[in-house]
Amino acid sequence: MTAIGAVKIKNQLKKVFPNADMSTIKNYRVNGVLDGASGFLVTDQGTVYINTGIGDYLRINMGYEVCYRTAKDTKDFTGGQNNFCKLEDLANNIQRMMS
């Protein structure tokens, strides 16, 4: 299964959050191979941590591609409860979570 990188995440998020700060969302690699991306979406409504390296079980058996949760700031990696979804649902799910 192909890893989801930072550009794909940002493109999805820009549809709903065109003015948000996504500068911390970066790719990460394991042994030189793209393994996913993670970082923070920062809006005037709050901050959300996003990670696409969620493991094969959730991707293959559950159909999820992305983990996201509320965060206090861009240094909060333990934040709120984990939520999972497909990439195409991420922006709308975050919007609902933040409202």
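Here we summarise the structure given alongside this text. Nothing here was measured: the structure is a model prediction, and the numbers come from that model. (Residues numbered from 1 in each chain as written. Predicted model: local features only at pLDDT ≥ 70, side-chain atom pairs only at ≥ 80, totals over all residues. Heavy atoms only, no water.)

### Some words on the pairing of strand E2 (residues 33-43)
Along a regular strand, successive side chains alternate from one face of the sheet to the other.
Stage number 1. Sheet analysis places strand E1 (residues 26-30) next to E2, joined by five bridges and oriented antiparallel. In the strand pairing of E2, lysine 26 is matched with serine 38.
Stage number 2. Between E1 and E2, which pair antiparallel and follow one another directly, the connecting turn spans two residues, one of which, asparagine 31, has a positive phi of 50 degrees.
Stage number 3. As paired elements, E2 and strand E3 (residues 46-51) share six bridges and run antiparallel to each other. Of the residues in E3, the one forming a bridge with serine 38 is asparagine 51.
Stage number 4. Linking E2 back to E3 in an antiparallel pair, the connection comprises two residues. (Pairing = 2+ DSSP bridges. Helix = DSSP H or I, 4+ residues; strand = E, 2+ residues; numbered from the N terminus.)

### Here's the deal with the packing of helix H1 (residues 6-14) against helix H3 (residues 90-98)
Stage number 1. Remark: H1 packs on H3, axes separated minimally by 8 Å, with the N-to-C direction vectors making an angle of 55 degrees. What the angle tells us is that H1 and H3 run oblique. Considering the relative orientation of H1 and H3, their crossing is right-handed. Here Ile9, Gln12 and Leu13 of H1 come into contact with H3, specifically with Leu90, Ala91 and Ile94. (Axes fitted to C-alpha atoms, helices over the stretch in contact; angles between N-to-C directions. Parallel < 35°, antiparallel > 145°, perpendicular 65-115°, else oblique. Left-handed = near helix turned anticlockwise from the far one by under 90°. Contact = heavy atoms within 4.5 Å.)

### Here we look at the side chain of threonine 43
Stage number 1. You can see threonine 43 is positioned in strand E2.
Stage number 2. Here the side chain of threonine 43 touches glutamine 45 through a polar contact of 3.0 Å, landing on its backbone nitrogen.
Stage number 3. If we skip the residues at most four places from it in the chain, threonine 43 touches Phe17, Ala20 and Met98. (Polar contact = N/O pair within 3.5 Å; in protein donor to acceptor, adjacent residues only side chain to side chain.)

### Observations regarding H1
Stage number 1. Taken residue by residue, H1 has Ala6, Ile9, Gln12 and Leu13 as its buried positions. Buried residues of H1, viewed axially, fall in a sector of 135 degrees; they line one side.
Stage number 2. On its buried face, H1 is in contact with E1, E2, E3 and H3. (Buried < 20%, exposed > 50% of the residue type's maximum accessible area, 1.4 Å probe, protein only. Arc of directions from axis to C-beta.)

### Focus on the sheet that holds E1
Stage number 1. The strand order across the open sheet built from five strands is E1-E2-E3-E4-E5, with neighbouring strands paired in antiparallel fashion. Of all strands in the sheet, those with a lone pairing partner are E1 and strand E5 (83-85), marking the two edges. Strand after strand, the sheet turns through a mean of 25 degrees between neighbouring axes, direction not considered.
Stage number 2. Direction of pairing for strand E4 (residues 66-71) relative to E5: antiparallel, over a ladder of three bridges. Residue pairing for E5: tyrosine 68 is matched across the bridge by asparagine 83.
Stage number 3. Those strands touched by H1 are E1, E2 and E3, and its axis lies near 30 degrees from that of E2.

By themselves, these are just geometric observations and shouldn't be taken as functional.
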